[in-house]
Amino acid sequence: MTAAPLIEARALTREFVLRRSWVPGSGQTLRAVDRVDLAVHKGETLGLVGESGSGKSTLGRCLTRLIETTDGAVVFDGQDVTRLGTRGLRPFRRSVQMIFQDPSSSLNPRRRVGDILSEPLAIHSIHPAREIPGRLRELMDLVGLPAAALDRFPHEFSGGQRQRIGIARALAMEPRLIVADEPVSALDVSVQAQVVNLFADLRERLSLTYLFIAHDLGVVRQVSTRVAIMYLGSVMETGGTDTIFDAPAHPYTEALLSAIPVPVADPAARRRRIILKGEIPNAANPPKGCKFVTRCPYAQDLCRAERPALRPLADGRLVACHFPPS
Amino acid sequence: MSPLLDVRHLRVTFTTDGGPVTAVHDVSFAVQPGEVLAVVGESGSGKSVSLLSVLGLVDRRRTVVEGEATFRGEPILGLSERALRRIRGRDIALISQDPMTALTPVHRIGDQIAEQIRAHERVSRHAARDRTVALLRDVNIPMPERAVDRYPHELSGGMRQRAVIAMALSCNPALLVADEPTTALDTTVQAQVLDMLRRLSAQHGSSVVLITHDMGVVAEMATRVAVMYAGRIVETGTVAELFDDPWHPYTWGLLDSIPPLTGPRPRRLPSIAGMPPPPGRTEPGCPFAPRCRAAMPICRLPPPEQVAGGHRALCVLDAPTRAALRPPRVAA
């Protein structure tokens, strides 16, 4: 990896208070993101994968500074932005845009698409007023919607089209990084494929960098150059997309990949299914040692005693496991 | 062997403020004893409505259900609510996507399952509780003796769905209708629940109708498949027929647009252009024609049915044309 990191999480930690108490130290906190180090490099798409409670969305929200970070740092293009105030953050706010799962809850239902898109242009005074109409048509064209869509309201569009409007709004800022949190998981498969292709096209045309957060591993494999797999607030494995999908090294990655139902009629064409025991533990009370130890089919004494750090393997990927395959 | 459930020419029309809207057009299907029939389609395709209307689970005041349906040879459409209630739960059980539609938050899960057993069978409270514990053990809920006394909110989503499956199986139903039973679950938990559903339905000898949008789930669970689009079954066949030699261009699109997990990654995913027609559509031709890459002028007429044994498709394309348009794929 030669490109410089565009955004970096350095020992990033985010805790939520579950129960406050007036006795100091007796409140209960949940560590949703646990000292995560992760970088997204210029021009790449990093796929961030995990099941519910893995902390992937919380990490995305910390990186975009939608929520505050408890400890550690967010570094954007070499600058520490963790403690910047509203004014200092303005350039960052423009450079980093977010796309959400449910576009209907992030688009104001009472405003026309054209108004929704031109407001941020005016606030950030990106274009002189007379250039805005032309820019809006250009944005519609980029996301594959007709210019007539600008005069309509969000409810007049289908789910896939609304997601295109959400993408257009993010692009209006001419961002350098887009953080997309489950952007296609609410869409039907045939429409999902269209939007996945749009993400790929836009990356090429506008040389964008993506952090793509999703639970659907097929979608993540399709869009990502690199992937990171999270479990209970920690990154368990990260590396090149093909490296990881062709031969997962962490037992959790292996089980996760094997659990996906494959659309082929011939049972011989499937991976050997590893059915994990139990469920994801409560994030407020994670296991001692390796976080995956309660469900790992290969767990040993060392795994219960000591938490493994992310360490590089010969092929360049990082794995947090005491006994990775050699 | 006569089918357990036989539905012929089902048509479901909703009364809306904008006039009547037909959600299901002339749908016929049968469920044989012991088989798993998957009904696949995207949102609004009519897959859930087709089943729910047969079970009398749609708002009767605002819905017109036409056609014929028999369960074990007896007509089931138009039965009174009272008569249906005797069948539902005992002979036919429903599992829905959200377990909280089946569980009430104010009672312990053990009491809810035991109540279901006692509503359909004459057994003592004590015996019903014993059976409940055994059922919870069957669905792999840890420490079932303690789990019976838990309230739904004390269980995770996966555990709640297991409890609902336990409740559904409590009266040994002949037919289990599972409407997106694992859609809300995480991947590793989905694998556990599907595995268990397959094992228990086989053990109880129940037939299953599995309503889903996930072709992966279909391939792993089903024996036969019906693909729905715009309120019609556009293709039906065995899992092997449908996945290895799909006939309908919509089925091609559904299968091809799934991003693969192995092998080369396509630069672009094949996708289906456009979107499904609005529900109120009345044109007589093929509903998929506006999005179909093989559409011809004749598609403006009602499509003919292609048939070979149990494999059927509502499409004008014959075998040689299909082979030219989408050559059969050889599994790697």
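Residues numbered from 1 in each chain as written. Chains lettered and ligands numbered in written order. Predicted model: local features only at pLDDT ≥ 70, side-chain atom pairs only at ≥ 80, totals over all residues. Heavy atoms only, no water.

**Remarks on the UniProt feature "domain: ABC transporter" (unreviewed entry) in chain B**
Rule in force here: UniProt positions are given in the numbering used here, feature names are shortened, and annotations may be inferred rather than shown by experiment. Comment: elements are numbered from the N terminus, with helices defined as DSSP H or I runs of at least four residues and strands as E runs of at least two.
If you check UniProt for "domain: ABC transporter" (unreviewed entry), the listed places come out as residues 7–255 of chain B in our numbering. Between the C-alpha atoms that bound residues 7–255 of chain B there is a distance of 27 Å. The span itself is 39% helix and 27% strand.

**Focus on helix α3 (residues 109–120) of chain B**
All names here are of chain B. Put simply, the rule is: Residue count minus one, scaled by 1.5 Å, sets the expected span of a helix. Buried, partly exposed and exposed residues are distinguished by accessible area as a fraction of the type maximum, computed with a 1.4 Å probe on protein chains only: under 20%, between the cut-offs, and over 50%, respectively. Note on contacts: a residue pair qualifies if any of its non-hydrogen atoms lie within 4.5 Å across the two residues.
Between its terminal C-alpha atoms α3 stretches 18 Å, which fits the 16 Å expected from twelve residues at 1.5 Å a residue. For α3, the full list of buried residues reads Ile 109, Gly 110, Gln 112, Ile 113, Ala 114, Gln 116 and Ile 117. Contacts made by the buried residues of α3 are with α4 (125–138), α5 (144–147) and α6 (157–169).

**Some thoughts on the interface of chain B and chain A**
Going by this rule: The term buried area denotes the loss of accessible surface (1.4 Å probe radius) that occurs when two parts are joined, taken as the sum for both partners. Any Lys or Arg side-chain nitrogen found within 4 Å of a carboxyl oxygen on Asp or Glu counts as a salt bridge. In protein, a polar contact means a hydrogen-donor-capable atom and an acceptor-capable atom, both N or O and within 3.5 Å, with residues adjacent in sequence counting only if both atoms are side-chain atoms; elsewhere, any N or O pair within 3.5 Å suffices.
With 45 residues of chain B at the interface, the matching set in chain A holds 43 residues. Here chain B packs against chain A, burying approximately 3,700 Å² in sum over the two surfaces, 50% of which is carbon and sulfur. The largest share of the area that chain B buries against chain A comes from Thr 188, Leu 261 and Arg 265 of chain B, three residues that together contribute 21% of it. In this structure, the connection of chain B to chain A is made through four salt bridges. A salt bridge links Glu 220 of chain B to Arg 273 of chain A, with the shortest nitrogen-to-oxygen separation between them at 3.0 Å. The interface formed by chain B and chain A includes 24 residue pairs in polar contact (both at pLDDT 80 or more).

**As for the pairing of strand β10 (residues 234–240) of chain A**
Residue and element names in this part refer to chain A. Where we set the bar: A pair of strands is considered paired only if DSSP assigns at least 2 bridges between the two.
In terms of residue burial, β10 counts as a mostly covered element, since six of its seven residues are buried. Joining the antiparallel neighbours strand β9 (residues 226–231) and β10 is a turn of two residues, in which Leu 232 adopts a positive phi near 50°. Of the strand pairs in this sheet, β10 and strand β12 (residues 318–319) are connected by two bridges, and their pairing is antiparallel. Counted as the bridge partner of Glu 237 is Val 319 from β12.

**Description of the packing of aromatic side chains**
Condition: In this scheme Phe, Tyr and Trp rings, the latter by its six-membered ring, pair at centre separations within 6.5 Å, and the angle between planes marks the pair as stacked below 30 degrees, edge-to-face above 60, and tilted otherwise. Throughout this description, the term charge over a ring refers to an Arg CZ or Lys NZ atom that lies within 6 Å of the ring centre and within 35 degrees of the ring normal.
Summed over the entire model, instances satisfying the criterion amount to nine aromatic pairs over all chains. Aromatic pair Tyr 229 of chain B and Tyr 250 of chain B: ring centres 4.5 Å apart, planes at 50°, arrangement tilted. Of this pair, Tyr 229 of chain B sits in strand β9 (residues 224–229) while Tyr 250 of chain B sits in helix α10 (residues 249–256); the two residues are 21 residues apart in sequence, bridging distant segments of the chain. Judged by its relative accessible area of 0%, Tyr 250 of chain B is buried. Here the guanidinium or amino end of Arg 152 of chain A rests over the ring plane of Phe 157 of chain A, the centre of that ring lying 4.7 Å away.

**Details of the pairing of strand β8 (residues 209–214) of chain A**
A regular strand places its side chains on the two faces of the sheet in alternate fashion. Residues and elements named next belong to chain A. Inclusion rule: Handedness rule for crossovers: strands pointing away from the viewer, path from the first strand over the helix to the second running clockwise, crossover right-handed.
Buried residues dominate β8, accounting for six of its six residues. Alternating residues of β8 divide into Thr 209, Leu 211 and Ile 213 and Tyr 210, Phe 212 and Ala 214, and every residue in both groups is buried. Taken together, the five bridges between strand β3 (residues 45–49) and β8 define a ladder with parallel strand orientation. Directly across from Leu 46, in β8, lies its bridge partner Leu 211. As judged from the five bridges shared by strand β7 (residues 177–181) and β8, these two strands associate in the parallel manner. From the neighbouring strand, Asp 181 faces β8, where its bridge partner is Ile 213. In the classification by handedness, the crossover that spans β7, the intervening helix α7 (residues 189–206) and the parallel β8 is right-handed.

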